[in-house]
Amino acid sequence: MLNIKNLHAKITDGREILKGINLDVKPGEVHAIMGPNGSGKSTLASVLAGRPGYEVTEGSVTFDGKDLLPLAADERAREGIFLAFQYPVEIPGVNNMYFLRAALNAVRRHRGQPDLDAGQFLKAVRAKLKELEINDDLLQRGVNVGFSGGEKKRNEIFQMAMLEPKLGLLDETDSGLDIDALRLVSNGINKLRSPSRAMVLITHYQRLLDYIEPDHIHVLSGGKIVMSGDKTLAAELEKRGYAMLDETAA
Amino acid sequence: MTSPDDSLDTIHALTGEGYKYGFVTDIESDSLPPGLDESTVRFISAKKQEPEWLLEWRLQAFRHWLTMENPDWAKLKVAPIDYQASSYYSAPKEGPKSLDEVDPELLKTYEKLGIPLGERAALAGIAVDAVFDSVSVATTFKSKLNEMGIIFCSFGEAVREHPELVRKYLGSVVPQGDNFFSALNSAVFSDGSFAYIPPGIRCPMELSTYFRINAAKSGQFERTLLICDKGSYVSYLEGCTAPMRDENQLHAAVVELIALEDAEIKYSTVQNWYPGDAQGKGGIYNFVTKRGACRGDRAKISWTQVETGSAITWKYPSCLLEGDGSVGAFYSVAITNNMQQADTGTKMIHLGKNTTSTIISKGISAGRGQNTYRGLVRMQPKAQNARNFTQCDSLLIGDRCGAHTVPYIEVRNPSARCEHEATTSKISDDQMFYCQQRGLSKEDALSLIVNGFCKEVLKELPMEFAVEAQKLLAVSLEGSVG
């Protein structure tokens, strides 16, 4: 589904952050990308989502057989790439429900489906809330306005559920969450796993992986994937710290 | 009670038909050559067959105008205007004959704004037979208004049919010599609208909603007089979301509102005159004086405006809160894009006890636009316990535009309270990316963010107007994000 080959990218000040990433993600798989601060994890998510301010200098990314890199951020989103933000931004005065309906209809139009009217949309919202076992207290508020850290992340997961992407990129979704919020959010993510949907979890800590069991774990360091393995890799990392990377290299 | 003849006249006045007939005498006459002196004023008055008192009134205004100077205190760069170079009386020009002759760009904009097909032709200036639908709608509503004793007609007709009302109220809120442009308007005003709501009557429809086409032909020097008698209510809509071009670069309208005891007037404006091209060439200069007087206790006046057009906007819809417990409000969205300049705001003059006013102003600057909020809140010595709340928010798009806030607060009564809040923000790249990452195009994302910013004002607009205004905001900002 997602094929990344020798991906190099730099930021506007010219520093190269990604230095040859190779990654293959198949439908239904959950990949976790771990690594120390500054290793390029969030940059990878940003580059895949098409965030302005990054320049790809080498390599290729295909998504569902399509060349992803020439597409604008909104086109990638409509193709089925969803980024759950580490820091979701506030949009004052824009009702959360209204925002989500506009987004969903944009995605649906791209898929050749008809727009949902207000009634149909509300019905779909209720069904998803029930499925994810979350309550509706955020829906009538401004997009992320005054949300707590936990509420913002919950809202991201809810948006992902509504937009039904093929690929979910979750950027440090566990950061800033207390244990209850972490459980709630992880539970939502687990419910969204499906044979046709892939997910890439970007995380700094192993604790998210206590709740979500990945199929593959990769360790990113210095802009490259330096180690890949199954879920047992996380436990080992937890035990020995990222310092083990140096030992392995040595 | 109105006589059957009266009501027939009023029906005509409000339908396209009436408007047409109202101008018959004008059409037959030639245009005046450019230039402005006393004979110009006399000519206009004579053409309109006005009574002596009105001619005197105009002349008084004209003589006063001669002693006045073009105001220069606004934060606007205006090239000198040669008042002798325009013609102050001209027969309407013939428009295009069919939609095929209309600028396709204009038609595209109508489409984007969702203007009904039937109205597009009329808006583009095509001869009136195209507007049959709206005319019949207008007639139906017209007879209903008449039954209730509501007078709604052209200003010229009001002078003929209801001289006592016109004479009593004309200039009572905006005196002839109030300012340079109101004096000019008082001397040479062409026509405009007049409405009177009798005591205790709630006007059942938005006045002028169905008269978009008439509004589209608004003159260069319009004069509006709106009187709400005791305990009555009216919601009045002015303007049009469709972009309007005009041969006349200078527009100087005057609007006067009078609300008596317990009466309420809601006045909504959507203004989208030609703003000039991206380099700032052409474009309408809009110098408007709008003021309402809450002349009785507990009277209410609210101004809601969405200003997206004109090269230059100079406009301060104001409230004189004379009656005890009277209420004034000003809700404004002003957009400047490309080379547009706007200096707009309000004046809330608290004269009576327990008067309250609310000001919500949203300024949006894009391109190289300059947007200034200028507002005065004055609490006079007798304004015991008066209160004001002001909120001024500015939104910047890009890095070449400007936003300015100039509040004047004068408090002469120790029990009065004023609150002023102001914010300036920029649409962030993060907000744009967030919206786009959810699948929204750049244009939709911008429109969503801007509409969110303006929400508190847009919700004050009547429903159908609000929907169009939302689309208009998006259209006005097209191309402002790279």
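Residues numbered from 1 in each chain as written. Chains lettered and ligands numbered in written order. Predicted model: local features only at pLDDT ≥ 70, side-chain atom pairs only at ≥ 80, totals over all residues. Heavy atoms only, no water.

Points about the overall build of chain B
Helix and strand content of chain B: 15 helices and 18 strands. Out of the 482 residues in chain B, the part that is buried amounts to 58%. At a minimum sequence separation of 6, the contacts of chain B that also span at least 24 residues come to 85%. Carbon together with sulfur atoms contributes 51% to the accessible area of chain B, which is approximately 19800 Å² in total. (Helix = DSSP H or I, 4+ residues; strand = E, 2+ residues; numbered from the N terminus. Buried < 20%, exposed > 50% of the residue type's maximum accessible area, 1.4 Å probe, protein only. Contact = heavy atoms within 4.5 Å. Areas by Shrake-Rupley, 256 points an atom, 1.4 Å probe, with all protein chains shown as cover.)

With respect to the packing of helix H4 (residues 118-132) of chain A against helix H5 (residues 149-163) of chain A
Residues and elements named next belong to chain A. In contact at an axis separation of 10 Å, H4 and H5 are set at 120° when each is read in the N-to-C sense. Taken as axis vectors, H4 and H5 run oblique relative to one another. As for how H4 packs across H5, the hand of that crossing is right-handed. Residues Phe121, Ala124, Val125, Lys128, Leu129 and Leu132 of H4 lie in contact with H5, whose contacting residues are Ile157, Phe158, Ala161 and Met162. Looking at the contact of H4 with H5 residue by residue, the class counts come to nine nonpolar, no polar and one charged. (Axes fitted to C-alpha atoms, helices over the stretch in contact; angles between N-to-C directions. Parallel < 35°, antiparallel > 145°, perpendicular 65-115°, else oblique. Left-handed = near helix turned anticlockwise from the far one by under 90°. Nonpolar A, V, L, I, M, F, W, Y, C, P; charged D, E, K, R; others polar.)

Some words on the nonpolar core
Generally speaking, soluble globular proteins have nonpolar side chains that are buried together. Of all hydrophobic cores here, the largest spans 68 residues; its most connected members are Ile4, Phe99 and Leu167 of chain A together with Ile364 and Val450 of chain B. The element contributing the most residues to this core is helix H14 (residues 442-458) of chain B, with nine residues. Non-local contacts of Ile364 of chain B, meaning those with residues more than four positions away in its chain, are made with Val333, Ala334, Ile335, Thr336, Asn371, Leu395, Ile397, Val450, Phe453, Cys454 and Leu477 of chain B. Leu32, Trp57, Ala158 and Ile312 of chain B belong to the second-largest nonpolar core, a separate cluster that totals 55 residues. (Core = buried A, V, L, I, M, F, W, Y, C linked by side-chain atoms within 4.5 Å.)

Description of the interface of chain B and chain A
If you look at the interface, chain B gives 18 residues, while chain A gives 31 residues. Joining chain B to chain A, the criterion identifies two salt bridges. The partner of Arg51 of chain A in a salt bridge is Asp430 of chain B, and the shortest N-O contact between them spans 3.2 Å. Inspection of the chain B/chain A interface yields 12 residue pairs in polar contact (both at pLDDT 80 or more). Taken together, the elements giving at least two residues each to the side of chain B that touches chain A come down to helix H13 (429-437) and H14 of chain B. No other element matches H13 of chain B, which puts seven residues into the side of chain B that touches chain A. Grouping the constituent residues of the side of chain B that touches chain A by class yields seven nonpolar, seven polar and four charged. (Salt bridge = Lys/Arg side-chain N within 4 Å of Asp/Glu carboxyl O. Polar contact = N/O pair within 3.5 Å; in protein donor to acceptor, adjacent residues only side chain to side chain.)

Observations concerning the packing of H14 of chain B against helix H15 (residues 463-476) of chain B
Residues and elements named next belong to chain B. Look at H14 against H15: their axes get within 10 Å of each other, and the N-to-C directions meet at 140°. Taken together, the axis directions place H14 and H15 in an arrangement best described as oblique. Here H14 runs over H15; the crossing is right-handed. For the pair H14 and H15, the contacting residues are Ser447, Val450, Asn451, Cys454 and Leu458 in the first and Ala466, Ala469, Gln470, Leu473 and Ala474 in the second. Partitioning the contact of H14 with H15 into residue classes produces seven nonpolar, three polar and no charged.

A short note on helix H8 (residues 232-240) of chain A
Residues and elements named next belong to chain A. What H8 keeps buried is the set Leu233, Ala234 and Leu237. Along H8, the residues classed as buried sweep out an arc of 100° about the axis, all on the same side. Every exposed residue of H8 that faces more than 90 degrees away from the buried side is listed here: Glu238 and Lys239. Just downstream of H8 lies Gly241, where phi reads positive at about 75°. (Arc of directions from axis to C-beta.)

Observations regarding the packing of aromatic side chains
Residues and elements named next belong to chain B. Enumeration over the complete set of coordinates arrives at 20 aromatic pairs over all chains. Their ring planes at 80° and their centres at 5.2 Å tell us that Phe155 and Phe189 sit as a pair that is edge-to-face. Of this pair, Phe155 sits in helix H9 (residues 155-161) while Phe189 sits in the loop between helix H11 (180-188) and strand S2 (192-197), placing them 34 residues apart in sequence. Consider the rings of Tyr236 and Tyr267, whose centres lie 5.1 Å apart with planes at 20°: the pair is stacked. Residue Tyr236 is found in strand S4 (residues 233-239), and its partner Tyr267 is found in strand S7 (residues 264-271); the two are separated by 31 residues along the sequence. We note that Tyr236, like Tyr267, is buried. Through a chain of ring-to-ring contacts, the aromatic side chains of Phe62, Trp65, Trp73, Tyr83, Phe180, Phe181, Tyr285, Phe287, Trp314 and Tyr316 assemble into a single cluster. The ring centre of Tyr233 lies 4.0 Å from the NZ or CZ of Arg202, which sits over that ring. We note Arg223 situated over the ring of Phe189; from NZ or CZ to the ring centre the distance is 5.8 Å. (Phe/Tyr/Trp six-rings, centres within 6.5 Å; stacked < 30°, edge-to-face > 60°. Lys NZ or Arg CZ within 6 Å of the ring centre and 35° of its normal.)

Description of the sheet that holds strand S3 (residues 30-34) of chain A
Residues and elements named next belong to chain A. The strand order S6-S9-S10-S3-S11-S12 describes an open sheet built from six strands, whose pairing is mixed. Strands with a single pairing partner mark the edges of an open sheet, and in this sheet they are strand S6 (81-84) and strand S12 (224-229). Neighbour-to-neighbour, the strand axes of this sheet turn through a mean angle of 20°, independent of strand direction. Of the strands in this sheet, S3, S6, strand S9 (167-171), strand S10 (198-202) and strand S11 (216-221) touch helix H1 (residues 41-49), which is tilted by about 145° from S9. (Pairing = 2+ DSSP bridges.)

Re the confidence of the model for chain B
Residues and elements named next belong to chain B. Per-residue confidence for chain B gives a mean pLDDT of 83, with 79% of residues at or over 70. Per-element confidence in chain B is highest for strand S11 (residues 318-321), whose mean pLDDT is 98, and lowest for helix H2 (residues 16-22), whose mean pLDDT is 28. Note that pLDDT drops below 50 for residues 1-29; the model gives that stretch 42 contacts with residues more than four away or on any other chain. Within the model, the stretch residues 209-218 combines pLDDT values under 50 with 33 contacts to residues more than four positions away or in other chains. (pLDDT = per-residue confidence, 0-100.)

Focus: the sheet that holds strand S9 (residues 300-307) of chain B
Residues and elements named next belong to chain B. Read from one edge to the other, the open sheet built from seven strands follows the order S4-S7-S9-S12-S14-S16-S18, with strand pairing classed as parallel. Single-partner strands in this sheet number two, and they are S4 and strand S18 (417-426). Averaged over all adjacent pairs, the angle separating strand axes in this sheet is 5°, with direction ignored. Of the pairings in the sheet, the one linking S7 to S9 comprises eight bridges and is parallel in character. Paired with Ser268 across the two strands is Thr304, which belongs to S9. This element, H14, spans S9, strand S12 (327-336), strand S14 (356-365) and strand S16 (387-396) of the sheet and lies at about 155° to S14. Sheet strands in contact with H15 are S4, S7, S9 and S12, and its direction is about 30° off that of S7.

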